[in-house]
Amino acid sequence: MEAARHFQGSWLCVGDWPAPGKRAALLRVSAAPSPLGGVSLSAIAASSRSAKVFRVNCTAAAAAAGEQLEEEVLPDKLREIVSLFAAVRDQRAAYEQLMHYAKRLPPLPDEHRTDANKVVGCVSRVWVRAYLGDHGKVLYEADSDSILTKGLAALLVEGLSGSRPREIIRLTPAFFHMLGLKQSLTPARTSGFYNMFRLMQKKALEMEMDSSAGSSPATAAVLASPKESDDARSAATPAAPAASAATRSPSTIAESSPPASSRSVAIEKKLQEALAPTVLEVEDVSHQHAGHAAVRGTTGGETHFNVKVVAAEFEGQSVVKRHRRVYQLLEDELKSGLHALSIVAKAPSELG
Amino acid sequence: MAALGLGFIALHGRPRACAAASSAPAAAAAPPVLGDVTRPHFPILDQTVNGCKLVYLDNAATSQKPVAVLDKLKDYYSVYNSNVHRGIHALSAKATEAYEVARQKVANFINAETYREIVFTRNATEAINLVAFTWGLSTLREGDEVILSVAEHHSNIVPWQIVAQKTGASLKYVTLTEDETLNVEELKGLFTKKTKLVSLHHVSNTLGSINPMQDIIRYAHDHGAKVLVDACQSVPHMTVDVRGLDADFLVFSSHKMCGPTGIGVLYGKHDMLMAMPPFLGGGEMISDVFLNHSTYADPPLRFEAGTPAIAEAIGLGAAIDYLSNLGMDNIHAYEVELSKYLYSKLSSVSGVRIYGPKSGSERAALCAFNVEGIHPTDLSTFLDQQHGVAVRSGHHCTQPLHRHLGINASARASLYFYNTKREVDAFIDALNDTIGFFS
C-alpha cells in the first residue's frame, strides 16, 4: 500500500465553509490525493479571511478527532523563492523581480505550445510543459506572451522543478499569500496563477500515474471531475469532492480483475452482513466515469458506486465515523480496482 | 542569496512619481474647457488609486455618472418608488409618469417620431437579441442573408449566428480597408436579392472609426434590406438622429452615456415593431390572458415583460437631461479636440501602433493600441498599479477584429467629455515610464 501511506495525512475538509464558527465535518480519506485537499484549501487562497477561519476549523476538527493536521512542507527551492518575494516591500521592485525571473526563463519551443500545455483562464497566453528528469523528478518549462505572467510562471518553474511528483501534488496554493504579490496582481491574474499551479500539479500527477505500473490511482478520477474550475465554483460544492474523493486505489501493484460475480453483489453482501441495514442501495455508476483516466486499464467497469445505507449502528455517530466504517468493510474492493464510492450513511431516525 | 543563484533585486525600488501629479496644471489664463467644467459633477473621479490620482480612461467600457443622475436615482427610491402601469394610487401614478416621461426623453434625444418606437431593454445586447429573436426568427428564411462586419462587437455577431443557425440564413462579413475602416465599397458589393438585414456599428469601439451610416442605410433600402445600427459608441458622444439616418432599428446602452447600468434602448420604426411577435412573455406585455391563449399589448410594452427597471429608466432620463444641458454638439466638438490630441500624443511614442484610421479622418476619442514587445496586459497592469491610469486590455469584445488585425489583444484608452488634455498627458507620461520599465 505504498501510495496510500504516502498520501496519508491529507485532509479533506467538507462542510459549510466559509461559515465562521461552524465546524466543518472532517472526512479523512486515507488515500485522498493532495490535489483534492488542495482544492479545499485552494478555495482558501481566494479569501484569506475565510481561509484562516476555515483552516482553524479544520485544525480544530482534526484535533477533536484526535488526528494531526499535517504541516505544509514546501520544496526547498520554492521556499527560497517565497521568502525572496516576501521580503520585497516595494511593488515596483516586485515587478522587477518578476521580470528578472521571466528573463531567465528560456523560451518554449513551438512544438510544446500545444492545447494540452495551455493554461486555461489566463489574461495572456501561457504554456506549461512537464517532463521527467533523472531519479523520477519532474522538470518544467513554461512560456507566456506577457512578461509579468512569464515571471509568475518562471517562479513556479524554478520553485517546483526538480521535485518529486508526490511533493508537488501534496502542495496547497497557500504559499501564494506568502509571496505578497496579491496586491500587485488583479484577481484575474491571481486566478491565472492558480490555474498555472494546478496545471503543473496535474502534469505531475500524470507522471506519477504513468510511472505506477498497472492500476491507476483514484487521484485521476478526482482530477477528472470538474474541480479544477476556479475558486468560486469549487467553493460551491464541498460535498461533491467528498463523494468522489472517497476513493482510493491504494495499490501500485496490478491486481487481477475482479471475480466473475458482480462487485455490486459483493458490496451489498459485505454491508448487509456487517451492518444489518434497514435500507441498502448499491448503484453501479461506472459508466458515468467511463472516460476518466483512472479507469483506463481497468477491465469490466465496476469502478464507481453510489451506496446508500441506513443502519441502526450509525445512530449517534459522526459522518466521518460512518464513512470510515463503510471503507473499512469494503477494504478489499478498494484494493482491487474500486475507484470511487459515493456514500450516504444515515441512522434510521434521520430518514425524512 | 546570490550563492543560491536565485538572483537578488534591491528591496526598495526608486521612489515612485505618479504621472498625474507631475503633469502641470493648466495655465490660469486659459478658459475652462468642458472637462474642467464638468469634473466637479463626477465625485468618483476624485480619488486616488494605488497611491496615485485616478485617471479614468476606460469610458468605452462604461461611463461615470454625474451627481444629477445619482440624486435622481436616490430620489426615486426615497420618495415615489412604486410599480408602474398598474395601480391607481399616488405613488404608482408618479412612478408611471416619471417612467413614461423618461421614455419620451429618449425619443426626443434621438429624434424618434413617437415614444412608441422606444423599447426599454436591459442593455444594447439585449436589444439586439430582441430584434434577432423576434424580427429575425419570424422574417429570415433559408438562404436569406445578413450582412455584418469583422469589426462588430460580439453582441452584434453572436445573436445573428444563433438565429442564422435556426433559420438557415447565412451571414456575410464586410472587412476593412487598408486604412482600417469599414470597407463600404466591399459592403455594397455584398448585397444580393437575398440580403434582408445589415447590422453594423456606427462607431467602432476598437478602431475609433465612424461609419457613413446615412449612405449605407440608403443603399441598403434601395436593395430591399433593413438596417440595424449599433449606436453604443455614437449616441453618448454626438447627436444621432434616427429619422435623419432612416434607421430601421437602433440600439444603445444607458451606462455608456452617464446613465445607470441595467437599462438600454431599442429604437424600432413603428411599423417594424408592430409586425414583430413578442420576445419575453409575462406581465405588462399582455392585453388579456386566458388559460388557452393570450393577446398582446402594442409596442413598446409588447416587448417589456415584467416589472421594468423603473429607477434605471428614470436615471437614464436624468442622464439625457444632463447631456442635453451640456449640448451634444458641444460634447462632440470637445471630444474631436481630445481625440486629435490623444492620437497625436500617442502616435509620437515610439513603438506604439494604433489601430484604425489615421487622425486625418475623424476618429472617436479612443485609441486601441499595442506597444512593440510589451503585452497589453503588462502595460495596463503597470499603468494602473504604478500610475493610477485606468485603460482596458484584452480583445474589447471584438475577437474577430483582433484576429483580422493579426493580434491577440490590445490596450485601449477611451475618453469622455469629463477627461482633459492634462489627463492625456498623464497617460502618455505613465506610458513612457511603463515602456521604459519593460524594455
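Conventions used here
- For every chain, the first residue of the written sequence is number 1, and numbering continues from 1 onward in sequence order.
- Starting at A for chains and at 1 for ligands, labels are handed out in the order in which the entities are written.
- For this predicted model, a pLDDT threshold of at least 70 governs which residues receive local features, and a threshold of 80 or more governs which side-chain atom pairs are given and counted, while totals over whole chains, interfaces and linings are taken from all residues.
- As a convention, hydrogens and water are excluded, and side-chain values are obtained from all of the structure's heavy atoms.
- Note that the domain bounds were set by an automatic or database domain assignment.
- Between the rings of Phe, Tyr and Trp (Trp by its six-membered ring), a pair exists once the centres lie within 6.5 Å; its type follows the angle of the planes, with under 30 degrees stacked, over 60 edge-to-face, and the other angles tilted.
- Here the term buried applies to any residue with accessible area under 20% of the maximum for its type, exposed to any over 50%, and partly exposed to those in between, with areas from a 1.4 Å probe on protein chains only.
- Each helix is a run of H or I in the DSSP string that is no shorter than four residues. Each strand is a run of E no shorter than two, and both are numbered from the N terminus.
- Any Lys NZ or Arg CZ that is within 6 Å of a ring centre and within 35 degrees of that ring's normal is treated as a charge sitting over the ring.
- For this analysis, a nonpolar core means a set of buried residues of the types Ala, Val, Leu, Ile, Met, Phe, Trp, Tyr and Cys, connected via side-chain atoms within 4.5 Å.
- By definition, residues are in contact when any of their heavy atoms lie within 4.5 Å.
- By salt bridge we mean one thing: a side-chain nitrogen of Lys or Arg within 4 Å of a carboxyl oxygen of Asp or Glu.
- Between any two strands, at least two bridges found by DSSP are needed for them to pair.
- Here, two cysteine sulfur atoms that lie within 2.5 Å of each other are counted as a disulfide.
- UniProt positions are given in the numbering used here, feature names are shortened, and annotations may be inferred rather than shown by experiment.
- In a helix, the anticipated span is given by 1.5 Å times the number of residues less one.
- Note on geometry: axes are C-alpha line fits, over the in-contact stretch for helices, and angles between N-to-C directions span 0 to 180 degrees.
- Angle categories: roughly parallel below 35 degrees, roughly antiparallel above 145, roughly perpendicular from 65 to 115, and oblique for all the rest.
- By the convention adopted, Pro, Cys, Tyr, Trp, Phe, Met, Ile, Leu, Val and Ala count as nonpolar, Lys, Arg, Asp and Glu as charged, and the other residues, Gly among them, as polar.
- Whenever two N or O atoms come within 3.5 Å, that pair is a polar contact, provided that in protein one can donate a hydrogen and the other can accept it, and provided that, for residues adjacent in sequence, both atoms are side-chain atoms.

## Observations regarding the domain arrangement of chain A
Under the domain assignment used here, chain A contains domain 1 (76-212) and domain 2 (276-291 + 298-350). Distance between the C-alpha centres of domain 1 of chain A and domain 2 of chain A: 38 Å.

## Observations regarding the packing of aromatic side chains
Residues and elements named next belong to chain A. Throughout the structure, instances matching the rule amount to 23 aromatic pairs over all chains. Seen in terms of ring centroids, Phe175 and Phe176 are 5.2 Å apart; in terms of plane orientation they differ by 90°. Their pairing is edge-to-face. Neither residue differs from the other here; Phe175 and Phe176 are each classed as buried. Ring geometry for Phe176 and Phe197: centres 5.9 Å apart, planes at 75°, overall edge-to-face. You can see Phe176 sitting in helix α8 (residues 175-179) and its partner Phe197 sitting in helix α9 (residues 187-211), a full 21 residues away along the chain. Each member of the aromatic cluster is reached from another via a ring pair, and the members are Phe175, Phe176, Phe193, Tyr194 and Phe197. Lying over the aromatic face of Tyr101, Arg104 brings its terminal NZ or CZ to 5.0 Å of the ring centre.

## Let's talk about the nonpolar core
Of all hydrophobic cores here, the largest spans 154 residues; its most connected members are Tyr140 of chain A together with Leu250, Leu323, Phe369, Phe417, Phe427 and Leu431 of chain B. The element that contributes the greatest number of residues to this core is helix α11 (residues 310-326) of chain B, accounting for 11 residues. When residues no more than four places from it in sequence are discounted, the contact partners of Leu250 of chain B are Val229, Ala231, Val235, Val240, Val242, Leu245, Val265, Leu266 and Tyr267 of chain B. In this structure, Ala127, Leu228, Cys232 and Leu273 of chain B belong to the second largest nonpolar core, which totals 24 residues.

## Considerations on the pattern of salt bridges
Residue and element names in this part refer to chain A. One pass over the full model with this rule turns up 31 salt bridges over all chains. For Arg129, the salt bridge identified is with Glu141, shortest N-O distance 3.0 Å. Linking Arg129 in strand β3 (residues 126-132) with Glu141 in strand β4 (residues 138-144), this pair joins segments that are 12 residues apart in sequence. The exposure class of Glu141 is partly exposed, given its relative accessible area of 24%. Note that Asp332 is salt-bridged to Lys270, the shortest N-O span being 3.7 Å.

## Overview of the pairing of strand β11 (residues 286-289) of chain B
All names here are of chain B. In this sheet, strand β12 (residues 294-296) lies alongside β11 in antiparallel orientation, the contact comprising 3 bridges. Along β12, the bridge assignment pairs Ile286 with Tyr296. The turn joining β11 and β12, which pair antiparallel and follow one another in sequence, is formed by 4 residues.

## Digging into the state of the cysteines
All names here are of chain B. Considering all chains together, one arrives at 1 disulfide over all chains under this definition. Covalently, Cys18 is tied to Cys52 through a disulfide, its sulfur atoms 1.8 Å apart. In this structure, the disulfide formed by Cys18 and Cys52 twists by about -80° around the S-S bond and is classed as left-handed. One end of the pair, Cys18, is in the segment before α1 (19-22); the other, Cys52, is in strand β2 (residues 52-53), with 34 residues separating them in the sequence. Overall, the relative accessible area of 13% leaves Cys18 in the buried class.

## Some details on the UniProt feature "domain: Fe-S metabolism associated" (unreviewed entry) in chain A
Taken from the UniProt record, the annotation "domain: Fe-S metabolism associated" (unreviewed entry) applies to residues 84-202 of chain A. Span residues 84-202 of chain A is 49% helix and 12% strand, its end C-alpha atoms 26 Å apart.

## Here we look at helix α13 (residues 376-387) of chain B
One turn of the α-helix equals 3.6 residues, which is why residues spaced by three or four share an orientation. Residues and elements named next belong to chain B. Its 12 residues place the ends of α13 16 Å apart at the C-alpha level, agreeing with the 16 Å of an ideal helix rising 1.5 Å per residue. Counting buried positions along α13 yields 11 of 12 residues, so the element is predominantly enclosed. Among the residues trailing α13, Gly388 stands out with phi positive, at a value near 65°.

## Details of the packing of helix α4 (residues 76-86) of chain A against helix α5 (residues 91-104) of chain A
Residues and elements named next belong to chain A. Between α4 and α5, the shortest axis-to-axis distance is 10 Å and the interhelical angle comes to 150°. If you check the angle between α4 and α5, you find them roughly antiparallel. Contacts between α4 and α5 involve Ile81, Leu84 and Phe85 from the first element and Ala94, Gln97, Leu98 and Tyr101 from the second. Per-class residue counts for the contact of α4 with α5 are 6 nonpolar, 1 polar and no charged.

## Notes on α5 of chain A
Between its first and last C-alpha atoms α5 of chain A spans 20 Å; for 14 residues at 1.5 Å apiece the expected length is 20 Å, and the two agree. Burial of α5 of chain A is extensive: 10 of the 14 residues sit out of reach of the surface. The set of residues buried in α5 of chain A consists of Gln91, Arg92, Ala93, Ala94, Tyr95, Gln97, Leu98, Met99, Tyr101 and Ala102 of chain A. At its buried positions, α5 of chain A is contacted by α4 and α6 (147-160) of chain A together with α13 and α15 (421-438) of chain B.

## With respect to the side chain of Thr206 of chain B
Residue and element names in this part refer to chain B. When you line up the elements, Thr206 lands in the loop between β7 (195-201) and α8 (213-222). A relative accessible area of 0% places Thr206 in the buried class. Polar side-chain contacts of Thr206 include one of 3.1 Å to the side chain of Asn205. Of the polar contacts made by the side chain of Thr206, one reaches the side chain of Thr398; its length is 3.1 Å. Sequence-distant contacts of Thr206, defined by excluding residues within four places in its chain, comprise Tyr355, Leu366, Ala368, His396, Thr398, Leu401 and His402.

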